[in-house]
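# Fold and contact review
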Amino acid sequence: MRPWKIVAAGEGGQGIQALAETLALAAYRAGLQSLYIPNFGIEQRGGVSLAFVQISPAPIGSPKFLRADLVAALSPRALRRSGQYLGPETFLLYDNSLIDAPQISDEVVGLQSYDTIAPEAFAERSSYRDRRPAVEAPSRCLVAVAASDLARQRLHPRVFNMIILGAIVEITGAVTLEQVKEALEEKLDRRFKKDPRLREHNFAALELGAAAVKEKATAQA
Amino acid sequence: MSELSMPRCWNRESKPHRFCPGCGHGLVLKALGLAIDELGLEERVVFACDIGCSLLAWDFFTFPCLQTHHGRTIPVMVGLKRARPELVAVAYMGDGGGYAIGLQHLVSAALRDDPITAVLVNNTVYAMTGGQMAPTTLLGQKTETTPFGRDEAETGRPFKGPETLSAVAHPQAYLARGTVAQVLRLKNELKRGLERQLQGHFAFIEALSTCPTNWRTNAAATWAFLEQDMSSFYRPGEVAVMAGKED
Amino acid sequence: MAKAAELESRAFITGNEVVARAALAAGADCMFGYPITPQNEIMHHWRRLAPQQGRLFMQTEDELSAGFATIGAVIGGKACFSATAGPGTVLFQEPLSMAEMMRLPVVVVVQQRGGPSTATVIYSQQELNLVCFGGNGEGLRLVYSTGSHQELYDYTIKAFHMAWRYRFPTFVLGDGYQAKMREPLQLYDPAERGFGPIPKEPIFGSVRGEGEKPLLHLRNSFSVEEELSEVLGRHLEDYARAAPELVEHEFLGGAGGELLVVAHGIVGRAARQAVRELRAAGRRVNFFRPITLRPFPEEALRQALEMSGGAVLVAESAQGQLGKLVRLAAAEWGRPRYRTLYRPGVGITAEDIAAEIEEAILA
Ligand SMILES: Cc1ncc(C[n+]2csc(CCOP(=O)(O)OP(=O)(O)O)c2C)c(N)n1
Ligand code: SF4
Ligand SMILES: [Mg+2]
């Protein structure tokens, strides 16, 4: 297989880190070299959350990199923030749902719950301003999946990230859906036992994401 | 405009602020801003924040604001005040900064009756670093370093700041505990604390606050923890100075 | 102690968890700590795992207290450690100078973050000066700079053994990237790899060297210069004697090289990848990575220089902290031609280093 350098970027609360960690875990379980690192730093709520994953048959060098083979940018801000990792050969996976990804409003009091992270451990720096213009990618590398709509209409808003993960698996072929499912079993063992529907939703979301990419590919062919 | 709208001395360019939704820091800083507005002190105040979630307020006001080191906000402001007595010094910190790593500074400033106003946010945890035990963590409360609940035998009892300082502070010092559940009252306590500094004395106000992110609570549970659990152990109100009473 | 079978497994965990597991496997007795990003999870994992095995955790009121409490427990004969970063490493210098003077085997894991001051909680290699020479003394310390989770595990275990065998305070120097990233590693029972129990003993009553009396009185203040000089002279001699046994490095390449790339820690890993790729493409580039920063593998560096025609590229996420050590070591070799890739507080990728090497060779 070829090595893959992957950046996933989205809003805090979209489950970006869980997605990346699951992917890396699946690759590790498949006997590949695998490295995952979140971008973290002092941050307020509602910042962009960034994750770096590398999967390779050979030893992996630095944990971060300059150019990605695949960027999954899951909100307009996330696209701006991760544009620097795009090169001419980079796949760009994005969410083209009709409904916008939720942006956390400062006015909302007391809505946050378990997946908020304390400021020092959170995504990127608060004073970071990316002044680069919005990116343009060659269209053959563009992959759009209406993940947010699919999650809401077909399953549950929370499995949005698993739809994206399914799509990444389909694009890269770095691991199989089965390996990702096994990784999820390991990660969510206790929660799956408590609520088997959670397993169903997550697995269905993976399939949905993969199918969406496959459909596009056949339509284009 | 209601009395609780944005204080004049808030720096609008840094709003919306950076705290999590439901965080009490914003309310404490609102009360502080209103107190400064009402006393007309904008031109004289210098504000310093600790390292902790308070650091997110480094550009919060229109007057000069300074980030210091974790636990060192009080000595920095003591130095500034000695150099420039005409300024009004506000030292803003968390319970980790004030009651753990910087406790010697807090006690020493109270002992020396340094004319500064120290404001400490009690949210029962080290919030910025991800929710470890603070000196103020309640018994039984779960944190990252008390994963099975805070145990008195292992870690001692929660720390009561104003009550402790009452044994060492100058008789003219001002000591109080307010709460973000009563912002107007907290504002009045902060006002008294600023006035006491103007009279040349030390003032210390602890504010009971919320941290839904590290408590992992929704809105209802957040307020219940603040108004019931915290407020019954940490009683809001002014605290009389005991020191000097014996002679 | 956990059963060997439990220990002998592969894992895909964060570097902070690796450190906690390594300290457990090594047989460390206690940890004193104060929260600071990016090392917090060392504390969190230790706090969850250690009590089940009868080990101790205490959250202190600050780093001064964590350092001095570690000293106290070490004097009591326990294998004891702490973990910190950035401004915490600064505060640790006071207890560590005492440990240096009294030859106390304190182990500290440092996950470097950006500086100076509070700066970032993310990553840097800016704490090299602090861990090597931070105290008001001579830097009688042992410092391991790791570059992978496997090394974090290996050298955390080794740190306890070397600290107690040689009686120098010992650092494991990681960084925020290593702390927070996940990658595979092999966990093992140190006993199966030739590490017996940590050679710990109560400091009072212990015998330090041949012909020496059992230690009963420990001090760090002296009334006359000569007295200090005599004690310190002995420590310096011990250090110099131990250095050849302590130094470790990695070298990749061979004679006839055109350039030697020097980097440590996680940047060493980027450099190794760049050098490997360029060598595969026929470039004669060599790679040198000091694993011990104190003592520094000076002799090995000079040999590597010899094989590389005296051209060096130093890459680090600091403004020349490693660079200074390299220059010092190289001084005895002659006058190398230097290039530097200094990025204080910022990560360096294999691509960055490859580009710099290309330029160096063309230049
Ligand atoms: C010397 C030093 N040690 C540790 C830290 C890491 N640190 C940053 S914020 C913090 C705790 C903050 O807790 P608290 O003071 O209660 O403020 P909060 O975030 O809860 O408002 C710590 C330990 C540091 N910055 N400097
Ligand atoms: S972590 Fe807690 S204290 Fe810090 S900003 Fe969020 S809610 Fe406020
Ligand atoms: Mg706090």
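Residues numbered from 1 in each chain as written. Chains lettered and ligands numbered in written order. Predicted model: local features only at pLDDT ≥ 70, side-chain atom pairs only at ≥ 80, totals over all residues. Heavy atoms only, no water.

A few words now on the overall build of chain C. For chain C, the helix and strand inventory stands at 14 helices and 14 strands. For the C-alpha atoms alone, the extent of chain C along its principal axes is close to 60 × 50 × 40 Å. Taken over 363 residues, chain C has a buried fraction of 62%. Across chain C, the fraction of contacts at a sequence separation of at least 24, relative to all contacts at a separation of at least 6, is 80%. Surface accessibility of chain C: about 13500 Å² in total, with carbon and sulfur atoms responsible for 52%. (Helix = DSSP H or I, 4+ residues; strand = E, 2+ residues; numbered from the N terminus. Buried < 20%, exposed > 50% of the residue type's maximum accessible area, 1.4 Å probe, protein only. Contact = heavy atoms within 4.5 Å. Areas by Shrake-Rupley, 256 points an atom, 1.4 Å probe, with all protein chains shown as cover.)

Turning next to the coordination of the magnesium ion (ligand 3). Residues and elements named next belong to chain B. Each protein donor to the magnesium ion (ligand 3) is listed here as Asp95 (OD), Asn123 (OD1) and Val125 (O); together their distances run 2.0 to 2.2 Å. Within one chain, the residues serving as donors to the magnesium ion (ligand 3) are arranged as D-x27-N-x1-V. Highlighted residues: aspartate 95 in helix H3 (residues 95–101) and valine 125 in strand E5 (residues 125–126), separated in sequence by 30 residues. Each member of the pair, aspartate 95 as well as valine 125, is classed as buried. (Donors = N, O, S within 2.8 Å, 3.2 Å for Na, K, Ca; no water.)

When the parts come together, some accessible area is lost, and that loss is often what is quoted as the size of the interface. Residue and element names in this part refer to chain C. Per the domain assignment, the segments making up chain C are domain 1 (4–193) and domain 2 (250–362). Look at where the C-alpha atoms of domain 1 and domain 2 centre, and you get two points 27 Å apart. With 28 residues of domain 1 at the contact, the number on the domain 2 side is 22 residues. For the domain 1 face of the interface with domain 2, the top three residues by lost area are Gln125, Leu128 and Ser145, together amounting to 31%. One can count two salt bridges joining domain 1 with domain 2. A salt bridge links glutamate 151 to arginine 289; the shortest N-O distance between them is 2.6 Å. Where domain 1 touches domain 2, the interface holds 16 residue pairs in polar contact (both at pLDDT 80 or more). Within the residue set of the side of domain 1 that touches domain 2, elements represented by two or more residues are helix H7 (128–133), strand E6 (142–145), helix H8 (149–166), strand E7 (170–175) and helix H9 (176–180). Considered class by class, the residues forming the side of domain 1 that touches domain 2 number twelve nonpolar, ten polar and six charged. (Domains from an automatic or database assignment. Buried area = accessible area lost by both parts, 1.4 Å probe. Salt bridge = Lys/Arg side-chain N within 4 Å of Asp/Glu carboxyl O. Polar contact = N/O pair within 3.5 Å; in protein donor to acceptor, adjacent residues only side chain to side chain. Nonpolar A, V, L, I, M, F, W, Y, C, P; charged D, E, K, R; others polar.)

Here we come to the site of ligand 1. Close to ligand 1 lie 23 residues; Cys53, Asp95, Gly96 and Gly97 of chain B together with Glu63 of chain C are nearest. Contacts to ligand 1 include glycine 96 of chain B, whose backbone N or O atom sits 2.8 Å from an oxygen atom. Here an oxygen atom of ligand 1 sits 3.0 Å away from a polar atom, N or O, in the main chain of alanine 127 of chain B. Contact with the protein chains hides 98% of the accessible area of ligand 1, taken as 590 Å² for the molecule alone. (Near = heavy atom within 4 Å.)

Let's shift gears to the sheet that holds strand E1 (residues 45–49) of chain B. Residues and elements named next belong to chain B. Pairing is mixed across the open sheet formed by seven strands, whose spatial order is E2-E1-E3-E4-E8-E7-E9. Of all the strands in the sheet, the pair left with one neighbour each is strand E2 (65–67) and strand E9 (237–238). Examined bridge by bridge, strand E4 (residues 117–122) and strand E8 (residues 203–208) share six bridges and lie parallel to one another. Bridge pairing links valine 121 to alanine 207 in E8. Contacts from helix H1 (residues 25–39) reach E1, strand E3 (88–94), E4 and E8 within the one sheet, and its direction differs from that of E3 by about 170°. (Pairing = 2+ DSSP bridges. Axes fitted to C-alpha atoms, helices over the stretch in contact; angles between N-to-C directions.)

Attention now moves to the nonpolar core. Trp46, Phe81, Leu104, Tyr153 and Phe160 of chain C are the most contacted members of the largest nonpolar core, which totals 75 residues. Take this core: its biggest share by element is eight residues, from helix H2 (residues 15–26) of chain C. Once residues within four sequence positions are removed from consideration, tryptophan 46 of chain C is found in contact with Ala20, Ala23, Leu24, Ala28, Asp29, Cys30, Met31, Pro51, Arg55, Leu56, Phe57 and Phe81 of chain C. Grouped together as the second largest cluster of nonpolar side chains are 52 residues, Ile55, Leu150, Ile164 and Ala174 of chain A included. (Core = buried A, V, L, I, M, F, W, Y, C linked by side-chain atoms within 4.5 Å.)

Further remarks concern the pattern of salt bridges. With the rule as written, the count across this model stands at 49 salt bridges over all chains. The partner of lysine 191 of chain B in a salt bridge is glutamate 38 of chain B, and the shortest N-O contact between them spans 2.7 Å. Taken together, the positions of lysine 191 of chain B in helix H7 (residues 183–198) and glutamate 38 of chain B in helix H1 put the pair 153 residues apart, joining distant regions of the chain. Glutamate 38 of chain B gets classed as partly exposed once you look at its relative accessible area, which sits at 37%. Among the salt bridges present, the one from arginine 302 of chain C reaches glutamate 332 of chain C, with a minimum N-O distance of 3.8 Å. Of the two residues, arginine 302 of chain C is situated in helix H12 (residues 298–307) and glutamate 332 of chain C in the loop between helix H13 (321–330) and strand E14 (337–342); the sequence distance between them amounts to 30 residues. Among the charged side chains, a network of salt bridges with common partners joins Arg103, Glu237, Asp238 and Arg241 of chain C.

Evaluation of the coordinates by the stated rule reveals 23 aromatic pairs over all chains. Seen from their ring centres, phenylalanine 19 of chain B and phenylalanine 60 of chain B are 6.2 Å apart, and the 45° between their planes marks the pair as tilted. Residue phenylalanine 19 of chain B is located in the segment before H1, and its partner phenylalanine 60 of chain B is located in the loop between E1 and E2; the two are separated by 41 residues in the primary sequence. According to the relative accessible area criterion, phenylalanine 19 of chain B is buried, its value standing at 1%. Looking at phenylalanine 60 of chain B, the relative accessible area reads 1%, which means it is buried. For the ring pair tyrosine 126 of chain B and tyrosine 34 of chain C, a centre distance of 5.5 Å and an interplane angle of 75° mean the geometry is edge-to-face. One end of the pair, tyrosine 126 of chain B, is in strand E5; the other, tyrosine 34 of chain C, is in the loop between strand E2 (30–33) and helix H3 (40–49), on a second chain. For the residue pair tyrosine 126 of chain B and tyrosine 34 of chain C, the accessibility class agrees, reading buried in each case. Through pairs of rings, three or more aromatic residues link up here, namely Trp10, Phe19, Phe47, Phe60, Phe61, Phe63 and Tyr92 of chain B. The side chain of arginine 2 of chain A reaches across the aromatic face of tryptophan 4 of chain A, ending 3.8 Å from its centre. (Phe/Tyr/Trp six-rings, centres within 6.5 Å; stacked < 30°, edge-to-face > 60°. Lys NZ or Arg CZ within 6 Å of the ring centre and 35° of its normal.)

Let us now look at the interface of chain C and chain B. If you look at the interface, chain C gives 17 residues, while chain B gives 17 residues. Here chain C packs against chain B, burying approximately 1500 Å² in sum over the two surfaces, 51% of which is carbon and sulfur. Between chain C and chain B we count two salt bridges in total. Glutamate 144 of chain B is paired through a salt bridge with arginine 48 of chain C; the nearest N and O atoms lie 3.4 Å apart. Counting across the interface, chain C meets chain B through 13 residue pairs in polar contact (both at pLDDT 80 or more). Breaking the side of chain C that touches chain B down by element, the ones donating at least two residues are H3 and strand E3 (56–59) of chain C. Among the elements that take part in the side of chain C that touches chain B, H3 of chain C stands out by supplying five residues, more than any other.

For the rest of this paragraph, the subject is unusual backbone geometry. Geometrically, the link from lysine 15 of chain B to proline 16 of chain B is a cis peptide bond, its omega value of 0° lying close to zero. Cis rather than trans, the peptide bond between threonine 37 of chain C and proline 38 of chain C has omega equal to 10°. Along the chain, the position of proline 38 of chain C falls in the loop between E2 and H3. Of note, arginine 167 of chain C is a non-glycine position whose phi angle comes to about 60°, a positive value. Positionally, arginine 167 of chain C belongs in the loop between H8 and E7.

Our focus in this paragraph is the environment of arginine 113 of chain C. Counting through the fold element by element, arginine 113 of chain C comes out in the loop between strand E5 (107–112) and H7. Each C-alpha atom of the pair arginine 113 of chain C and glycine 72 of chain C lies 27 Å from the other, and the pair is 41 residues apart in sequence.

The next thing to look at is the sheet that holds strand E10 (residues 259–262) of chain C. All names here are of chain C. The mixed open sheet is built from five strands, whose spatial order is E9-E11-E10-E13-E14. At either margin of the open sheet sits one strand with a lone partner, and together these are strand E9 (249–252) and E14. In this sheet, neighbouring strand axes are inclined to one another by 20° on average, regardless of whether the strands run parallel or antiparallel. Contacts from H13 reach E10, strand E11 (285–290), strand E13 (311–316) and E14, with the element oriented near 155° to E13.

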